[in-house]
Amino acid sequence: MLEAVLCCGNVFSQQTDTNKINIDTLNGYFYHTKSYFIDSIYNDSDDVFEVHFYNPLKRTDNDFFHQLNTYGSPSQSLIYNFNSTFLQYQPNIYSPYTYNFENIRFYQRNKPFSELYYSNDLNSSQVFRVTHSQNVYKGLNISLDYLVNYADGTFANSGITSQFFNVTTNYISPKGKYRTEAAFIYNKAITAENGGINDVAFVADSFPSIVAYPVQLLNASTQYKTFDFLLSQSVRLPKALGTLTLANTIANGIRTYRNIESIDTLLAFEQKTLTNTLTYSSTLKFFPVNIGIRHDYNIFADQIMREKSSLVSPFAKISYHVNRIKLQAYAEKTLSSSIFGSNFLLSANASFAFDSLNRNNIFASFASKNSETDFIYRHNFSTSYQWDNSFNTEKTTKLSFGTSLLGRFTFVLNYFIVSDKVYLSENLIPVQKNGLINVYQAIFKNRFTLGRFGFMGSAALQYSDDNPAISLPLFQAKETFYVEFFFFSKKLQTQFGLDLYYNTSFFANAYCPELASFYTQRERKQGNYLYADIFIAVGISRAKLFISCSHPYAGLFGYDYFQTLHYPSEALSFRFGVSWKFFD
């Protein structure tokens, strides 16, 4: 539950102190682009039931989201959280699916590894993924990950075509004195925009088929693309004086909207960022320190506006780890005479483990951020929407306290203070909420087994004292239950399970296709509807298979199952899929 910027320890320093990299232990790792140190170790999960989670929005260990009505469509998190990102042209509506510098994986493997995944349903929704990783030379690894999603959609002009690709390579010298990482990321998502159905009452038998139901747009689409590059090099200084890391990234993102029925309707946003980061990491075992400086050169642009900025940001991260106590602090400040000169981030966390395995612990954290709002809220020029705004700096403070028990249960209390919040009003105009907004949050997560039965899920209570600016359901929960059986001398593992999703009704944000943004609305509440998926997952040797039935009672109790205004959720769906791993 702690923020990414409050990650635990400098794993790079811990590993290079041993003068040897254990490839069996270092199966894979993520990289942290704030200060360019290894963030966390990644290990593949062997849980059979996870094969049926083709949609990351449905994973019960992920955040809650509401989406439009097709897998892969734009979505928005229903968990209010602290965002450490500074510069964006607009919120990323495809964030659960896209690759970025924080979620791509770098591997070191003794044997080549490949995994193929394919899933399909009766509505021509297909998901294909291939992952491959191998060390081509001692300490030199090359890996790729390619994900394709294609869905026709239930309603007219609601199809999704997406491709997400990344290739990574890293080299670790025999004694760990030198290491380098490089990556290329390509994301492309094309969404056919229908603007939702015309009748929110959604009486399904009004038309001969669901595809014939009238929608608001027939020939509109949004295309979102990114091209990102990363090169990082680390050298351990002589006499254990520490490590120097130089990291360079290039990020390119563009979104375009077209409506063929209205030829002059074209909207495009673009962001280009060149970042250079120099970091010094000490090798002190109990008191590691990371200090550095980052330079960002940014270009934000729409059809008529082009904004350039050159920003210098020093940062520092200090950690303390003795016995079962962990303390950590991180600070970052942007130095610039531009509007971004007020950007500032400060965070700290502390944890105490009651046992050596850290199965029982308590933790607390604090984070505060000042940042300029996203480009789309400040400047926009299109056929229907034009503005040129000057807003105050947004400020967010978070206090958090939590505990983990038995390695199975986690409970967290969060309190947010938000000032000068900028959001899209129901009139589709950016507005700034003057004054403070308080958000109270309690989150519970569980993952455990009792004999043949398994349980994994999360629940959240949330309250915002300013619903138009921050609209949240009071309660939401996701839970997966399954029962496990073994056959043929325990060679065939079978799990039969149920996924449940629920949130109380609230004024969920609506969606504007032209702006590709969610905005506040007071027309209709969404929620108070229980979704259920039934699945059977089978594992034998290196293969995993599943069959699932989603929303089996759709229409039996009416058709009031919307997650987003004008976008009814998809009805009954059967899906199958297979995952196969290769280790040679």
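Residues numbered from 1 in each chain as written. Predicted model: local features only at pLDDT ≥ 70, side-chain atom pairs only at ≥ 80, totals over all residues. Heavy atoms only, no water.

1. Side note on the overall build of the chain
The line we're drawing: Counting from the N terminus, the helices are DSSP H or I runs at least four residues long and the strands are E runs at least two residues long. For the radius of gyration, the atom set is restricted to C-alpha positions; the globular benchmark scales as 2.2 Å times the number of residues to the power 0.38. Relative accessible area decides the class of each residue, using a 1.4 Å probe on protein chains only: under 20% of the type maximum gives buried, over 50% gives exposed, and in between gives partly exposed. Contacts were defined at the residue level, with two residues in contact if any of their heavy atoms lie within 4.5 Å. In this description, accessible areas are obtained by the Shrake-Rupley approach with a 1.4 Å probe, and a residue is regarded as covered only by the protein chains that are shown. Neither His nor the chain ends is counted toward charge; the positive residues are Lys and Arg and the negative residues Asp and Glu. Think of each charge as sitting on NZ of Lys, CZ of Arg, CG of Asp or CD of Glu.
Within the chain, the regular secondary structure consists of 2 helices and 33 strands. Against the globule reference of 25 Å for 584 residues, the chain gives a C-alpha radius of gyration of 24 Å, in line with a compact fold. For the C-alpha atoms alone, the extent of the chain along its principal axes is close to 75 × 70 × 45 Å. Going through the 584 residues of the chain one by one, you find that 53% of them count as buried. Taking the intrachain contacts of the chain between residues at least 6 apart in sequence as the baseline, contacts between residues at least 24 apart amount to 62%. Accessible surface, the chain: about 25,400 Å² in total, of which carbon and sulfur atoms supply 61%. Distance between charge centroids for the chain: 11 Å, based on 48 positive and 45 negative side chains.

2. With respect to the packing of aromatic side chains
Applicable threshold: Pairing of aromatic rings covers Phe, Tyr and Trp, the last counted by its six-membered ring, and requires centre-to-centre distances within 6.5 Å; plane angles under 30 degrees mean stacked, over 60 mean edge-to-face, and any other angle means tilted.
In total, this model carries 34 aromatic pairs according to the counting rule given. An angle of 45 degrees between the planes, with centres 6.4 Å apart, marks the rings of Tyr171 and Tyr178 as tilted. You can call Tyr171 partly exposed: its relative accessible area is 23%. Ring plane angle 45 degrees and centroid distance 5.1 Å describe the contact between Phe409 and Phe448, whose orientation is recorded as tilted.

3. A look at the side chain of Thr494
Along the chain, Thr494 turns up in strand β26 (residues 492-503). The contacts of Thr494, once residues within four sequence positions are left out, are Val483, Glu484, Phe485, Phe487, Ile536, Ala537 and Val538.

4. Topic: the pairing of strand β29 (residues 531-540)
Regular strands place side chains that alternate from one sheet face to the opposite one. The following threshold applies: Criterion used throughout: strands pair if DSSP finds at least two bridges between them.
By the bridge criterion, 10 bridges tie β26 to β29 in an arrangement that is antiparallel. Bridge pairing in β29 places Gly497 opposite Phe535. Two elements, β29 and strand β30 (residues 543-550), share 8 bridges in a ladder whose sense is antiparallel. The residue bridging Ile534 from the neighbouring strand is Cys549, located in β30. Hairpin connection between β29 and β30: a loop of 2 residues separates the two successive antiparallel strands, and Ser541 in this loop has a positive phi of roughly 55 degrees.

5. Brief notes about the environment of Phe375
When you line up the elements, Phe375 lands in helix α2 (residues 375-378). Separated by 189 residues in the primary sequence, Phe375 and Thr564 place their C-alpha atoms 24 Å from one another. Discounting residues that sit within four places of it in the chain, Phe375 has contacts with Gln88, Tyr89, Phe269, Phe300, Ala301, Asp302, Met305 and Glu307.

6. Points about the pairing of strand β15 (residues 306-322)
With 13 bridges joining them, strand β14 (residues 289-301) and β15 adopt antiparallel strand pairing. Of the residues in β15, the one forming a bridge with Asn290 is Lys317. From the end of β14 to the start of β15, which pair antiparallel, there are 4 residues. As paired elements, β15 and strand β16 (residues 325-333) share 8 bridges and run antiparallel to each other. Of the residues in β16, the one forming a bridge with His321 is Lys326. Hairpin connection from β15 to β16: 2 residues lie between these consecutive antiparallel strands, with Asn323 at a positive phi of about 55 degrees.

7. Brief notes about unusual backbone geometry
Of note in this structure, Asp420 is not a glycine but carries a positive phi near 55 degrees. Note on placement: Asp420 falls in strand β22 (residues 409-424). Residue Asp420 is classed as buried on the basis of its relative accessible area, which comes to 13%. Even without being a glycine, Leu428 presents a positive backbone phi close to 60 degrees. The residue Leu428 is located in the loop between β22 and β23 (430-450) in this model.

8. Here we look at the pattern of salt bridges
Worth spelling out the cut-off: Any carboxyl oxygen of Asp or Glu that lies within 4 Å of a side-chain nitrogen of Lys or Arg is treated as forming a salt bridge with it.
Going through the model one piece at a time under the given rule, you end up with 15 salt bridges. Across the pair Lys272 and Glu270 runs a salt bridge, and its minimum N-O distance is 3.7 Å. The class of Glu270 is partly exposed, set by a relative accessible area of 27%. Close ionic contact of Arg378 with Glu372 constitutes a salt bridge, the shortest N to O distance being 3.9 Å. In terms of burial, Arg378 and Glu372 fall into one category: buried.

9. Some details on the environment of Ser232
Checked against the element boundaries, Ser232 lands in strand β11 (residues 220-236). We classify Ser232 as buried; its relative accessible area is 0%.

10. Regarding a nonpolar patch on the surface
Definition in use: To count toward a patch, a residue needs a relative accessible area above 30% and no salt bridge. Like charges then connect within 9 Å, nonpolar side chains (Val, Leu, Ile, Met, Phe, Trp, Tyr) within 5 Å.
A contiguous nonpolar surface patch, about 980 Å² in accessible area, is contributed by Leu284, Phe286, Phe287, Ile318, Tyr320, Ile325, Leu327, Phe352, Phe354, Ile362 and Phe401. Contributions of two or more residues to the nonpolar patch are made by β15 and β16. Tracing the backbone shows Phe401 in strand β21 (residues 394-405).

11. Some words on the confidence of the model for the chain
The test is simple: You can read pLDDT as the predictor saying how much it trusts each residue, on a scale of 0 to 100.
Model confidence for the chain is summarised by a mean pLDDT of 87, while 92% of its residues fall at 70 or above. Between residues 1-26, whose pLDDT stays under 50, and residues either more than four places distant or in other chains, the model counts 76 contacts.

12. Considerations on the side chain of Gln495
Worth spelling out the cut-off: Pairs of N or O atoms within 3.5 Å make up the polar contacts considered here, provided that, within protein, one atom can donate a hydrogen while the other can accept it, and that residues adjacent in sequence are counted only when both atoms are side-chain atoms.
Along the chain, the position of Gln495 falls in strand β26. What makes Gln495 buried here is its relative accessible area of 2%. There is a polar contact of 2.7 Å between the side chain of Gln495 and the side chain of Glu484. Aside from chain neighbours lying at most four places away, what touches Gln495 is Val48, Phe49, Tyr482, Val483, Glu484, Phe535, Ile536 and Ala537.

13. Here's the deal with the nonpolar core
Generally speaking, a soluble globular protein has its nonpolar side chains buried in company with each other. Quick note on the threshold: Note on terminology: a nonpolar core comprises buried Ala, Val, Leu, Ile, Met, Phe, Trp, Tyr and Cys residues joined through side-chain atoms within 4.5 Å.
By size, the foremost hydrophobic cluster in this structure holds 88 residues, and its most contacted members are Tyr80, Ile197, Phe202, Val439, Ile470, Tyr511 and Leu515. A per-element tally of this core places β22 first, with 5 residues. Here Tyr511 is in contact with Leu68, Pro74, Ile93, Glu193, Ala516, Ser517, Phe518, Tyr519, Thr564 and Tyr567, once residues within four sequence places are set aside.

14. Some details on the environment of Tyr171
Looking at the element boundaries, Tyr171 is found in strand β9 (residues 160-172). Residues Tyr171 and Lys138, 33 residues apart in the sequence, show an inter-C-alpha distance of 8.4 Å.

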